[in-house]
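Chains, contacts and geometry: an overview
The primary structure of each chain is shown beneath.
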Amino acid sequence: MRAMTEGMTTRLAAAWSALVLAVTALFTAGPALAADAVRPGATATGPDVAVSQAGNYPTQPNSYGNFSVQWTSVGTADATGITHLTVDLPPGLRTSGALMYSTPYDYTFSERVSPDGRHLEATFRGTRVPGRGDFMKVQVSSGAERPSGVIRATVANRDDVNPANNVSTYTVNGPQRPAEVPERPVVTTIDTVTGPGAGGTAVTLTGTGLDTGFVLFGGEEAKNVSCTATRCTATSPGGSGSVPVTVVTPGGAAGAPSGFAYTGPPPAPPAAPVVTGLSVRGGPARGGTSVYVLGSNLAGGTIAFGGAPAAHVSCGDSFCSSTSPAGSGTVHVTVTTAGGTSATVDADRFTYTDATPRR
């Protein structure tokens, strides 16, 4: 994989009114994709993320265009955690990057583009219920020659149960190809199994089917990842204790034969989350109310109503979506991240409107 230059796209809402507008604009990006293209012998139950692409592809010399890469949760369970996306362009095409359009901003998104502009990687972190999707617009330009070749987009998530819909291809100025089912990855060795809690340890994993992959230490994405078909190099993120090391590709997830043990103190925790408001301040005792949480330092958080965990939680830096659990009375809605749990304030109070939860 080519060396990358990093670029971060962070989406933050500027004010409460803007967030409310974003909530009302919540949509499913495009039609849901069928979940019937399952590898023989596999099952379609569980989280299933599918990728597709469409748009205005540049087909002439010195032309410009853009196309969307859409990833959609089409399984029977929420898709959550890190979703990794790649776009590879044929000779004669290059991209300057992608733009995210999905609202509300209950996720984090970053991207990086190779120096030659032909390879883009993006990391999306959030929770998506079945039927909900997101998309990015990839800006593309052609050189002096008539472009030709295959544009390949992939999606990968550790919990994805169906790799058969994880690759999308489009042939520029040529016949289209049949759907591609990626190879399932296998990790056979890991060369380094300990390192400081601050992170920064170089680790090499070997195996097969590792190309277009990313690496997780526990649930955290490794840095400086570069994968070929038989080898991934990565730098450990900060952490503590012993965690599994996993290579995740469009073909599935493969654990290393040994985990990674952190030694010494972990890195300093991030700033504690702060809750400054809720989109609604009450709902029925049976639960099921969509509640949006406004605040800061919320990324990757979990949400509790009193002591009860919320469902379908997805958190960006300043905005979370969630569904209330069953409850009674007035409770505080709190967000918990690696930086701690938000302090209780009047603005996070949620009142259940019935006397007792419905069973």
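Up top is the structure these notes are about.
Treat the numbers as computed from the prediction; the structure is a model and nothing was measured.

1. Some remarks on the nonpolar core
With 26 residues, the main nonpolar core has F67, W71, V87 and M136 as its most contacted residues. Of all the secondary structure elements, the ones that give two or more residues to this core are β2 (49-56), β3 (64-73), β4 (82-88), β5 (93-100), β6 (108-113), β7 (119-125), β8 (133-142) and β9 (149-157). Apart from residues lying up to four places away in sequence, V87 is in contact with F67, V69, R118, H119, L120, M136, V138, I151, R152 and A153. Core analysis: the second largest hydrophobic core is formed by 19 residues, V187, V203, V215 and V243 among them.

2. Some words on the sheet that holds strand β16 (residues 223-227)
Within a sheet, each strand pairs with its neighbour through backbone hydrogen bonds, oriented either parallel or antiparallel. What the 4 strands build is an open sheet, ordered β11-β13-β17-β16; its pairing is antiparallel. Only two strands of the sheet have a single partner each, and these edge strands are β11 (186-190) and β16. Neighbouring strand axes in the sheet, compared pairwise and without regard to direction, differ in orientation by 20° on average. Looking at chain direction, strand β13 (residues 202-208) and strand β17 (residues 231-235) are connected through 5 bridges and run antiparallel. In the sheet register, T204 faces β17, and the bridge partner there is T233.

3. Some details on the side chain of Q70
Here Q70 lies in strand β3. Polar contacts involving the side chain of Q70 include one to the side chain of T72, which spans 2.7 Å.

4. What to know about the state of the cysteines
In total, this model carries 2 disulfides according to the counting rule given. Each sulfur in the disulfide pair C227 and C232 lies 2.1 Å from the other. With the S-S dihedral at roughly 115°, the linkage between C227 and C232 falls on the right-handed side. Using a relative accessible area of 4% as the deciding quantity, one classes C227 as buried. Taking relative accessible area as the criterion, C232 reaches 0% and is therefore assigned buried. Through a disulfide, C315 is tied to C320; the S-S separation comes to 2.1 Å.

5. Regarding the pairing of β7
In terms of burial, β7 is largely enclosed, as 6 of its 7 residues are buried. Here 7 bridges tie β4 to β7, and the two strands are oriented antiparallel to one another. Across the sheet, L85 pairs through a bridge with A122, a residue of β7. Note that β6 and β7 share 6 bridges and pair antiparallel. Paired with R112 across the strands is E121, a residue of β7. Here β6 hands over to β7 after 5 residues, with G117 in that stretch at a positive phi of 75°.

6. Some words on the environment of D191
Along the polypeptide, D191 turns up in the loop between β11 and β12 (194-196). Among the residues examined, D191 registers a relative accessible area of 51% and is labelled exposed. In sequence terms D191 and T204 are 13 residues apart; their C-alpha atoms lie 5.6 Å from each other. When sequence neighbours within four positions are dropped, the list of residues in contact with D191 reads V203 and T204. A polar contact of 2.7 Å, which involves the side chain of D191, links it to the backbone nitrogen of T204.

7. Section: the sheet that holds strand β18 (residues 242-243)
If you walk across this open sheet you meet the 3 strands as β12-β21-β18, and the pairing is mixed. On the outer flanks of this sheet lie β12 and β18, each paired with one strand and no other. Pairing geometry for β18 and strand β21 (residues 260-263), over 2 bridges, is antiparallel. What sits directly across from V243, in β21, is F260.

Conventions and cut-offs
- Residues numbered from 1 in each chain as written.
- Predicted model: local features only at pLDDT ≥ 70, side-chain atom pairs only at ≥ 80, totals over all residues.
- Heavy atoms only, no water.
- Core = buried A, V, L, I, M, F, W, Y, C linked by side-chain atoms within 4.5 Å.
- Buried < 20%, exposed > 50% of the residue type's maximum accessible area, 1.4 Å probe, protein only.
- Helix = DSSP H or I, 4+ residues; strand = E, 2+ residues; numbered from the N terminus.
- Contact = heavy atoms within 4.5 Å.
- Pairing = 2+ DSSP bridges.
- Axes fitted to C-alpha atoms, helices over the stretch in contact; angles between N-to-C directions.
- Polar contact = N/O pair within 3.5 Å; in protein donor to acceptor, adjacent residues only side chain to side chain.
- Disulfide = S-S within 2.5 Å.

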